[in-house]
Amino acid sequence: VGLNILEAVFTLGGTKDKELGLLFRLAVEAPKKYRKEITAFFEIVEDELKNASIYRGNAINGAADPGFIDVDAIDPKSVIYADETMRQLGANLWSLLDHTELMREEKIPLKRAVLFEGPYGTGKTLGGLLTAQRAVRNNWTFIMVRPGQDDLHEALQTAQIYAPSVVWFEDIDTLSTGANAMDISKLLDTLDGVSNKGTEIIA
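The model shown is predicted, which means the values in this text are computed figures rather than measured ones.

With that settled, the discussion passes to helix α5 (residues 152-161). Counting buried positions along α5 yields seven of 10 residues, so the element is predominantly enclosed. Those residues of α5 lying buried are L152, H153, A155, L156, Q157, A159 and Q160. Of the residues that open α5, the one with a side-chain oxygen 2.9 Å from the backbone nitrogen of H153 is D151.

Turning next to the environment of W94. Tracing the backbone shows W94 in helix α2 (residues 83-98). Judged by its relative accessible area of 5%, W94 falls in the buried class. Distance from W94 to T131, taken between C-alpha atoms, is 7.0 Å for residues 37 residues apart in sequence. Contacts of W94, omitting those with residues within four sequence positions, involve M86, L89, L130, T131 and R134. A distance of 3.0 Å separates a polar atom in the side chain of W94 from a polar atom in the side chain of T131.

The rules behind each value
Residues numbered from 1 in each chain as written. Predicted model: local features only at pLDDT ≥ 70, side-chain atom pairs only at ≥ 80, totals over all residues. Heavy atoms only, no water. Buried < 20%, exposed > 50% of the residue type's maximum accessible area, 1.4 Å probe, protein only. Helix = DSSP H or I, 4+ residues; strand = E, 2+ residues; numbered from the N terminus. Polar contact = N/O pair within 3.5 Å; in protein donor to acceptor, adjacent residues only side chain to side chain. Contact = heavy atoms within 4.5 Å.

The following block contains the structure:
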């Protein structure tokens, strides 16, 4: 892409960052006399990505080119969980989304690993969709990692860019099926690394 007024050539592409994963890359070649204008251009781009990202604060899947999830497909009033389940959801997950600023003020970490466990048909996936609704309502990014389609490690990296984020992985036990010890070790290292950075990510 060329911009004649600055005698500049813009190159669009991608790059793989060790910590943040797959990233869009924008490079510019221009005469040094336009350094000030080019720097201002990058500042505008950075501000746009930070404050007007189409993904931040929305529900998306974990693909390299993410698709959006319809969070309005479920009516929360039609969902009934046992009282104890509702207490656990509220205490360990939803309260963080609903009262984010209060948690920050009280220095309560907004990073968690939460496990939804139970036999088929107990409402785990439904709980994920209800969590997605709350996330979007409270300006958290929700990333649904689909087994066999999306990469959990990359989704956790993407979550750091759009934090505060919830990364939801369906059937995480499938990662250990046929996986070698290195795969499991890599997953644990990724989760530990995210937690240690103090980022606001709920897995």
